[in-house]
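Given next are the chains, with one letter for each unit.
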Amino acid sequence: MANAAAPVIDSFTVTLIIRRFNPEVDSEPKWVDYDVEMYGTDRVLDALHKIKWEQDGSLTFRRSCAHGVCGSDAMRINGRNRLACKTLIKDLDISQPIYVEPIKGLPVEKDLIVDMNPFYQAYKDINPFLIASDKPTKERLQSPEDRARYDDTTKCILCAACTTSCPVFWTDGQYFGPAAIVNAHRFIFDSRDEGAELRIDILNDKEGVWRCRTTFNCTEACPRGIEVTKAIAEVKQAILRGRA
Amino acid sequence: MPQQETADSNITYHTFDVLIVGAGGAGMRAAIEAGADAKVGVISKLFPTRSHTGAAQGGMAAALANVEEDSWEWHTFDTVKGGDYLVDQDAAEILAKESVQAVIDLENMGLPFNRTPEGKIDQRRFGGHTRDHGKAPVRRSCYAADRTGHMILQTLYQNCVKLGIDFYNEFYVLDLVMNDGKPAGVVAYELATGDIHVFSSKSIVFATGGFGKIYKTTSNAHTLTGDGVAIAFRRGIPLEDMEFYQFHPTGLAGLGILLSEAARGEGGILRNASGERFMERYAPTIKDLAPRDMVARAMANEVREGRGAGPNKDYVLLDLTHLEPAVIDAKLPDITEFARTYLGVEPYTEPVPVFPTAHYAMGGIPTNIKAEVLSDNDTVIPGLYAAGECACVSVHGANRLGTNSLLDINVFGKRAGQYSVEYAKTAKQVPMPANAADDVIAMIEKVRKSKGKEKIAQLRKELQDSMDKNAQVFRTEETLQEAIEKIQELRGRYENIAIQDQGKRFNTDLLEAIELGFLLDLAEVTVVACRERRESRGAHLREDYPDRDDKKFMVHSMVYQQDKVQKKTGTNMKIGWKPVVVTNYQPMERKY
Ligand SMILES: Cc1cc2nc3c(=O)[nH]c(=O)nc-3n(C[C@H](O)[C@H](O)[C@H](O)COP(=O)(O)OP(=O)(O)OC[C@H]3O[C@@H](n4cnc5c(N)ncnc54)[C@H](O)[C@@H]3O)c2cc1C
Ligand code: SF4
Ligand code: FES
């Protein structure tokens, strides 16, 4: 039982092909190859660091926690949105190069960094805070069942992996996108919240939930395992029923 | 609110009443408190919800007594004893008394705590928190599964959005501007453009978090480079209790990623290679729930004496296999997922390899109970505040109890907001010197144009390796001396660096170099303080001075930067000592 942790594995060379763009010199993004010596248990983020630290310091990406909780490093890895810090090299097909590019649908600023502001704006637009008219002096009560009702959508780390995997968002940047709806869900189904109608009105808009085509890309992309499509469906039902 | 900006080449000027540096738990809690009444700005090098408060897992202590009898007085005692009596007891009392309101504030703001069957906030056990002065573990930690910090960070950000707080995200504060000993504002570098911003403000709150990246194996984010602490130090502010750095017992072996103490709070057991529950030998009463310093040391000792597990016998095992999978899924979902993702271990059926990981800075910028920064043992710097992990109040003394930091950031973050806004109401703005940004511009241009031979990543690696080897759980005069020499060597080589990215936009190559400068300063202060404290207390274990020495060392250390090399420390640092505030609890031997 004990040696589960450290099976001795050898390092090997992997090729990363990264879509790079430096706005100060390039007119177009370009693909650049890098060979790095890695272990299977290393993360893609480790490979990016190795390139930045040993080969090319100008390679630019966001990152902080390195274990999938801060939401900084969503990127497209082999055509799928994932967090670089939560993707182990051994879980990719290492006989092939690993393709890394920025998430799609948001303006590229430099290399793997995109302008997240449109994404944050959609989040802010759904009023992402508890709306309650009471002024309690103590804790409000909430049953474990009521608490469980919105548990899944409290896990969101605003990484944008879902929204930028959505074909509707790619063609229509005005669409609120799955992440904003997930965060609306978190409040609509919170028994303490009184803002459901307001949020439902917002999401009943032509750029709201009805644009969702249920392609499930978002659910597959979510690194927190949130059932995004289900959350969107529940918000749709709430709209049809008039409220939560 | 309108803001006054005047463009002067590419320097932008801003003016605020209260300026908060850092948008983690402490910074945003301060912003919410200050927000309603004043012109408040928050500067953060990360988008707020990326701050490392979001990584906190286990919970936040408060004697709500929702599930069993508890009292703030017991909590105060545990905090003092847990800190090996180096805690300032007036501050600990405030921490414990104000904890209940701090939790209620968060609940009222919308935080989704786990609930009891009656619908109250649920509570669980955590290391060092006991009923009636050590009789048995008590359920004091309020939690939201094992993502309590995530929920705190989200809830605080949500409330900042609600209040319309003005954020400057991805702005790196690189200097504190002092005019004649008084704080006038800060200078920041904008990541997106490379532009410089000068912020004037009547009150300034530092809430820049910790600096775990001085070590290699750490639970801390890449961005936790102690910028605020180092900036204060460079501007003549002393740093308090820097020798006390906490190593959390259960980092994923080899990686340092944290598995919360909640795992043991929910019944998890530490075992050595032969399966023995070794904590029974070290802390017979509360065993696996002894404070972190004791557990980390016990683990390191098991490994050192050859009882470690694994092919290299270099870790111990955290056993959760006797817990119901349903309990694990409900209460510890994230950390068990970390074990699966990063080590390929299934915690339902296999024990998880763990080893101590550098986790938390007890020391930092000295403050009083109003979160005001001190320029020596007791002189307040009017208008300058600090809260959270970057500050040292000191409520954690020589060893912080689990769940007391999320509490600290809320209690003292709130206080910083309250007192800074109160001060700004009557204070006059300290004039901003005309050349305020010169030092920062010089520092940046020096790095941007550097053409030396040394690579930043290499220097950082050598620093972190040396700190892990020489200034980790066990320390001696020799290892510390070795670390000081290494740091001084690295400082010399730092003068000869080269970066590759010479651009202005999103130049993270440049910022990593500047962050390394901060790390070198803080590592040196840490090691100097470690060497001067010739006793063992809390997280600081000197193998050459294995006992606690209350006659000489019942005092906080205060390290000051000097212009010249000091004979006593062999560095340009001077060490002073500051009395501990003792109210009710006289030092006793620490047994659990
Ligand atoms: C993995 C992990 C688990 C933990 N679990 C618990 C727990 O269960 N219970 C508990 O009580 N404690 C826990 N802790 C400790 C606790 O989470 C931290 O001590 C606390 O969250 C620190 O909060 P902070 O606001 O001081 O700093 P942070 O949240 O780290 O925020 C620092 C802020 O400062 C900003 N900043 C830094 N430098 C600059 C600069 N130069 N310019 C501008 N902005 C800057 C950053 O952008 C960030 O917004 C844990 C810690 C870790 C690492
Ligand atoms: S729902 Fe999931 S994928 Fe979308 S932003 Fe939140 S965490 Fe990321
Ligand atoms: S670096 Fe934080 S989520 Fe990947």
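Residues numbered from 1 in each chain as written. Chains lettered and ligands numbered in written order. Predicted model: local features only at pLDDT ≥ 70, side-chain atom pairs only at ≥ 80, totals over all residues. Heavy atoms only, no water.

Draft legend 1. Seen up close, helix α5 (residues 178-188) of chain A. Within α5(A), eleven of the eleven residues are buried, which leaves it mostly tucked inside the rest of the structure. Buried residues belonging to α5(A) abut α2 (117-125), α6 (196-203), α7 (217-221) and α8 (228-241) of chain A together with α5 (148-163) of chain B. (Buried < 20%, exposed > 50% of the residue type's maximum accessible area, 1.4 Å probe, protein only. Helix = DSSP H or I, 4+ residues; strand = E, 2+ residues; numbered from the N terminus. Contact = heavy atoms within 4.5 Å.)

Draft legend 2. Spotlight on the domain arrangement of chain A. Residue and element names in this part refer to chain A. Parsing chain A into structural domains produces domain 1 (2-114) and domain 2 (117-241). Each of domain 1 and domain 2 has a C-alpha centre, and these two points are 29 Å apart. Each partner contributes residues to the interface: domain 1 has 14 residues there, and domain 2 has 15 residues. Taken over both partners, the interface formed by domain 1 and domain 2 buries close to 1,100 Å², and the fraction arising from carbon and sulfur atoms is 62%. If you sort the residues of domain 1 by the area they bury against domain 2, Asn-81, Lys-104 and Leu-106 come out on top, with a joint share of 42%. Applying the counting criterion to the domain 1 and domain 2 interface returns zero salt bridges. On inspection of domain 1 and its partner domain 2, the count reaches three residue pairs in polar contact (both at pLDDT 80 or more). Sorting the residues of the side of domain 1 that touches domain 2 by element identifies β3 (74-77) and β4 (80-83) as the ones contributing at least two each. Looking at the side of domain 1 that touches domain 2, the element that brings in the most residues is β4, giving three residues. Tallied by class, the residues present in the side of domain 1 that touches domain 2 amount to six nonpolar, four polar and four charged. (Domains from an automatic or database assignment. Buried area = accessible area lost by both parts, 1.4 Å probe. Salt bridge = Lys/Arg side-chain N within 4 Å of Asp/Glu carboxyl O. Polar contact = N/O pair within 3.5 Å; in protein donor to acceptor, adjacent residues only side chain to side chain. Nonpolar A, V, L, I, M, F, W, Y, C, P; charged D, E, K, R; others polar.)

Draft legend 3. Representation of the sheet that holds strand β14 (residues 316-319) of chain B within the structure. Residue and element names in this part refer to chain B. Across the sheet, four strands lie side by side as β12-β15-β14-β13; this open sheet has antiparallel pairing. With one partner strand each, in any of the chains shown, β12 (245-252) and β13 (269-271) form the two edges of the open sheet. Across this sheet, the average inter-strand angle for adjacent strands is 45°, counted without regard to direction. Pairing of β14 with strand β15 (residues 352-361) involves three bridges; the strand directions are antiparallel. What sits directly across from Leu-318, in β15, is Val-352. Relative to the sheet, helix α9 (residues 292-304) contacts β12, β13, β14 and β15, its axis offset from that of β12 by approximately 60°. (Pairing = 2+ DSSP bridges. Axes fitted to C-alpha atoms, helices over the stretch in contact; angles between N-to-C directions.)

Draft legend 4. Summary view of the site of ligand 1. Residue and element names in this part refer to chain B. Contacts to ligand 1 come from 39 residues, most closely from Ser-51, Thr-53, Glu-389, Ser-405 and Leu-406. A distance of 2.8 Å separates a nitrogen atom of ligand 1 from a polar atom in the side chain of Asp-227. Separating an oxygen atom of ligand 1 from a backbone N or O atom of Leu-406 is a distance of 2.6 Å. Here ligand 1 loses 98% of its free accessible area of 1,000 Å² to cover by the protein chains. Considering each element in turn, the shell around ligand 1 owes the most residues, four residues, to helix α12 (residues 404-426). Across the shell around ligand 1, the residue classes break down as 16 nonpolar, 19 polar and four charged. (Near = heavy atom within 4 Å. Areas by Shrake-Rupley, 256 points an atom, 1.4 Å probe, with all protein chains shown as cover.)

Draft legend 5. Representation of the pattern of salt bridges in the model. Residues and elements named next belong to chain B. Going through the model one piece at a time under the given rule, you end up with 84 salt bridges over all chains. Put simply, Arg-281 and Glu-276 hold a salt bridge, and the shortest N to O gap is 2.6 Å. The class for Glu-276 is partly exposed, based on a relative accessible area of 28%. One network of salt bridges, with partners in common, ties together Asp-84, Glu-243, Asp-293, Arg-533, Glu-535, Arg-537, Arg-548, Asp-550 and Arg-590.

Draft legend 6. Local environment of the site of ligand 2. Close to ligand 2 lie A:Cys156, A:Ile157, A:Leu158, A:Cys159, A:Ala160, A:Ala161, A:Cys162, A:Ala179, A:Cys222, A:Pro223, A:Arg224 and A:Ile226, which account for all nearby residues. Broken down by class, the residue content of the shell around ligand 2 amounts to eleven nonpolar, no polar and one charged.

Draft legend 7. Examining the packing of aromatic side chains more closely. According to the stated counting rule, one finds 18 aromatic pairs over all chains in the structure shown. The interplanar angle of 0° and the centroid separation of 3.7 Å between the aromatic rings of A:Tyr120 and B:Phe47 together place this pair among those described as stacked. Residue A:Tyr120 is located in helix α2, and its partner B:Phe47 is located in the loop between β3 (40-44) and β4 (60-61); the two belong to separate chains. Judged by its relative accessible area of 8%, A:Tyr120 is buried. A relative accessible area of 6% means that B:Phe47 is categorised as buried. For the pair B:Phe16 and B:Phe199, a centre-to-centre distance of 6.3 Å together with 25° between the ring planes defines the contact as stacked. Residue B:Phe16 is found in strand β2 (residues 11-21), and its partner B:Phe199 is found in strand β10 (residues 196-206); the two are separated by 183 residues along the sequence. Of the two residues, B:Phe16 and B:Phe199, both sit in the buried class. Among the aromatic residues, ring-to-ring pairing joins A:Phe119, A:Tyr120, A:Tyr123, B:Phe47, B:Tyr157 and B:Phe167 into one connected group. (Phe/Tyr/Trp six-rings, centres within 6.5 Å; stacked < 30°, edge-to-face > 60°.)

Draft legend 8. Inspection of the pairing of β3(A) at higher detail. Residues and elements named next belong to chain A. Side chains of β3 alternate between two faces, with Ala-74 and Arg-76 and Met-75 and Ile-77 buried alike. Connecting β3 to the next strand, β4, in antiparallel fashion are two residues, including Asn-78 with a positive phi near 50°. Pairing between β3 and strand β5 (residues 98-101): two bridges, direction antiparallel. Paired with Ile-77 across the strands is Val-100, a residue of β5.

Draft legend 9. Fine view of unusual backbone geometry. Omega for the bond connecting B:Val393 with B:Ser394 falls within 30 degrees of zero, at 10°, which places this linkage in the cis form. Relative to the helices and strands, B:Ser394 resides in the loop between β19 (391-392) and α12. With a phi close to 65°, A:Phe216 is a non-glycine residue in the positive phi region. Tracing the backbone through its elements, the reader meets A:Phe216 in the loop between α6 and α7. The phi dihedral of B:Lys287 falls on the positive side, at around 45°, and the residue is not glycine. Inspection of the secondary structure assignment puts B:Lys287 in the loop between α8 (279-282) and α9.

Draft legend 10. Examining the sheet that holds strand β11 (residues 239-240) of chain B more closely. All names here are of chain B. With respect to topology, three strands assemble into an open sheet ordered β11-β22-β23, the strand pairing being antiparallel. Both edges of this open sheet fall to β11 and β23 (573-579), since each of them pairs with a single strand only. As paired strands, β11 and strand β22 (residues 555-561) are joined by two bridges and run antiparallel to one another. Within β22, the position partnered with Glu-240 by the bridge is Met-558. Here helix α6 (residues 227-234) sits on the sheet and contacts β11, β22 and β23; the angle it forms with β22, its principal contact strand, is near 70°. Packing of helix α16 (residues 508-532) onto the sheet brings it into contact with β11, β22 and β23, and relative to β23 it is tilted by some 60°.

Draft legend 11. Quick look at α5(B). Residues and elements named next belong to chain B. Between its first and last C-alpha, α5 extends 23 Å over 16 residues, near the 22 Å set by a 1.5 Å rise per residue. Among the 16 residues of α5, 14 are classified as buried, and the element is accordingly described as predominantly covered. Of the residues one or two after α5, Gly-164 is the one with positive phi, at around 70°. (Expected span 1.5 Å × (residues − 1).)

Draft legend 12. Geometry of the interface of chain A and chain B. Taken residue by residue, the interface counts 66 residues in chain A and 66 residues in chain B. Contact with chain B buries area across many residues of chain A, yet A:Trp53, A:His67 and A:Glu139 alone supply 12% of it, more than any other trio. Summed over the shared surface of chain A and chain B, the result is eight salt bridges. Across the salt bridge formed by A:Arg140 and B:Glu107, the nearest N and O atoms sit 3.8 Å from each other. If you look at where chain A meets chain B, you find 39 residue pairs in polar contact (both at pLDDT 80 or more). Looking at the side of chain A that touches chain B, the elements with two or more residues in it are α1 (44-55), β6 (108-110), α2, α3 (144-148) and α5 of chain A. Per element, the largest residue contribution to the side of chain A that touches chain B is five residues, and it comes from α1(A). The residue inventory of the side of chain A that touches chain B, partitioned by class, reads 30 nonpolar, 15 polar and 21 charged.

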